[in-house]
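The residues making up each chain are set out below.
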Amino acid sequence: MKFENFGRDLKCVVVGSSGGIGAALIDRLVASDQVARVHALSRSGRSHPSPKVANLTFDFTDEDSLFAAAQALQEVGPFDLILVATGLLQGEGISPEKNMRALSHDGLAKSFEINTIGPAMTAKHFVPLLRRDEKAVFAALSARVGSISDNRLGGWYAYRASKAALNMVLKTLAIEIGRRFKNQVIVGLHPGTVDTGLSKPFQGNVPEGKLFTPELSAEKLLGVVDGLSFEDSGNLFDWAGEQISF
């Protein structure tokens, strides 16, 4: 991976490093000779063999854990790139709703906890760790189905709503940060349909050529991040760099 719009000795953070996309992002970052250090954060504390990677166990549903992780990172920052590669579509006792009758309090609460509240609280504690003198990016994985204007099929209430809420959090954060720092970019990223556990039950309807490996998605997302400018802050972009309307 070659970055055209970042410098050298880059310091990066990947939140959700044990997931398919998170792990692939770390592999791509490690392979770049422009990246000096990658801090990999996950609940499992999954280790990576590269000496460039520092592994840290934390839980972004626990603010004390978030605060402790931010304090530890502050000692080795500031950072050029912070990526939140987390998300929940199905599992842990929930699945995408086909209709309103399938809505549940627990499903909605868990979806918002993982897809909205976790990234929002991560931003609260981690965005202050971004560098301020040159380009720096905070990006969180969102989803095209979180676009209200693009919703033509219905269903998937909890996932759609929690990702739409995440998009609003990122937009609001970008406005606030943009008043003070003109080098910091805050965005949402749609990775496409990626061959991970999140999408596994729903891959049958994916058009040929549109199911990405985690490695391909990670490479494309990092290319999008490289091309971002301050004017892009607050928006949602897909894996090809196309802006998705809210």
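To keep things clear, this report deals only with the structure shown in the data block. (Residues numbered from 1 in each chain as written. Predicted model: local features only at pLDDT ≥ 70, side-chain atom pairs only at ≥ 80, totals over all residues. Heavy atoms only, no water.)

Topic: the overall build of the chain
Then, in step 1: A count of helical and extended segments in the chain gives five helices and ten strands.
Then, in step 2: Over its C-alpha atoms the chain spans a radius of gyration of 17 Å, differing by no more than 12% from the 18 Å that the globule rule assigns to 246 residues.
Then, in step 3: When the 246 residues of the chain are sorted by exposure, 49% land in the buried category.
Then, in step 4: Of all intrachain contacts in the chain linking residues separated by at least 6 positions in sequence, the fraction that spans at least 24 positions is 69%.
Then, in step 5: When the accessible area of the chain is evaluated, it comes to approximately 11600 Å², of which 52% is carbon and sulfur surface. (Helix = DSSP H or I, 4+ residues; strand = E, 2+ residues; numbered from the N terminus. Rg over C-alpha atoms; globule rule 2.2 N^0.38 Å. Buried < 20%, exposed > 50% of the residue type's maximum accessible area, 1.4 Å probe, protein only. Contact = heavy atoms within 4.5 Å. Areas by Shrake-Rupley, 256 points an atom, 1.4 Å probe, with all protein chains shown as cover.)

Examining the sheet that holds strand β2 (residues 35–42)
Then, in step 1: If you walk across this open sheet you meet the eight strands as β3-β2-β1-β4-β5-β6-β9-β10, and the pairing is mixed. Single-partner strands in this sheet number two, and they are β3 (53–57) and β10 (243–244).
Then, in step 2: Sheet topology note: the strand β1 (residues 10–15)/β2 ladder contains six bridges and is parallel. Of the residues in β2, the one forming a bridge with Val13 is His39.
Then, in step 3: Packing against the sheet, helix α1 (residues 20–31) makes contact with β1, β2, β3, β4 (81–84) and β5 (136–141), and its axis sits at approximately 165 degrees to β2. (Pairing = 2+ DSSP bridges. Axes fitted to C-alpha atoms, helices over the stretch in contact; angles between N-to-C directions.)

Details of the pairing of strand β6 (residues 184–190)
Then, in step 1: The buried fraction of β6 is high, at seven of seven residues.
Then, in step 2: A two-sided burial pattern is seen for β6, the buried positions comprising Gln184, Ile186, Gly188 and His190 on one face and Val185, Val187 and Leu189 on the other.
Then, in step 3: Bridging between β5 and β6 involves six bridges; their strand directions are parallel. Of the residues in β6, the one forming a bridge with Ala136 is Gln184.
Then, in step 4: Sheet topology note: the β6/strand β9 (residues 236–238) ladder contains three bridges and is parallel. Across the sheet, Gly188 pairs through a bridge with Leu236, a residue of β9.

Brief notes about the environment of Ser142
Then, in step 1: By the secondary structure assignment, Ser142 is in the loop between β5 and α4 (157–178).
Then, in step 2: The class for Ser142 is buried, based on a relative accessible area of 3%.
Then, in step 3: With 97 residues separating them along the chain, Ser142 and Gly45 place their C-alpha atoms 23 Å apart.
Then, in step 4: Setting aside its immediate chain neighbours within four residues, Ser142 contacts Lys163, Leu166, Asn167, Leu189, His190, Pro191 and Leu236.

Let's talk about the packing of α1 against helix α5 (residues 214–227)
Then, in step 1: At a closest axis distance of 8 Å, the pairing of α1 and α5 adopts a crossing angle of 60 degrees. Where α1 crosses over α5, the two elements pack in a sense that is right-handed. Contact with α1, carried on its side by Gly20, Ile21, Ala24, Leu25, Arg28 and Leu29, involves Pro214, Glu215, Ala218, Glu219, Leu221 and Leu222 of α5 and no other residues of that element.
Then, in step 2: The residue makeup of the contact of α1 with α5, split by class, is eight nonpolar, one polar and three charged. (Left-handed = near helix turned anticlockwise from the far one by under 90°. Nonpolar A, V, L, I, M, F, W, Y, C, P; charged D, E, K, R; others polar.)

Details of the pattern of salt bridges
Then, in step 1: One pass over the structure, following the stated rule, counts ten salt bridges.
Then, in step 2: Between Glu113 and Lys110 there is a salt bridge whose closest N-O contact spans 3.2 Å. Highlighted residues: Glu113 and Lys110, both in helix α3 (residues 105–126), separated by three residues, approximately one helical turn.
Then, in step 3: Glu113 sits in the partly exposed class, given a relative accessible area of 26%. (Salt bridge = Lys/Arg side-chain N within 4 Å of Asp/Glu carboxyl O.)

Here we look at the packing of helix α2 (residues 63–74) against α3
Then, in step 1: Relative to each other, α2 and α3 sit at 35 degrees, their axes nearing to 9 Å. When the axes of α2 and α3 are compared, the crossing they make is right-handed. The residues of α3 that touch α2, namely those facing Glu63, Leu66, Phe67, Ala69, Ala70 and Leu73, are Met121, Thr122, Lys124, His125 and Phe126.
Then, in step 2: Of the residues assigned to the contact of α2 with α3, the class counts are seven nonpolar, two polar and two charged.

Brief notes about the side chain of His125
Then, in step 1: Structurally, the position occupied by His125 is in helix α3.
Then, in step 2: Look at His125 and you get buried, because its relative accessible area is 13%.
Then, in step 3: Contact partners of His125, with chain neighbours within four places excluded, come to Glu63, Leu66, Phe67 and Ala70.

A short note on the nonpolar core
Then, in step 1: If you look at the biggest cluster of nonpolar residues, it comprises 34 residues, and the most contacted ones within it are Leu29, Val38, Leu81, Leu83, Val137 and Leu189.
Then, in step 2: Mapped onto this core, the elements with two or more residues apiece are β1, α1, β2, β4, β5, β6 and α5.
Then, in step 3: The element contributing the most residues to this core is α1, with six residues.
Then, in step 4: Non-local contacts of Leu189, meaning those with residues more than four positions away in its chain, are made with Ala139, Ala140, Leu141, Ser142, Leu221, Val224, Val225, Leu236 and Phe237. (Core = buried A, V, L, I, M, F, W, Y, C linked by side-chain atoms within 4.5 Å.)

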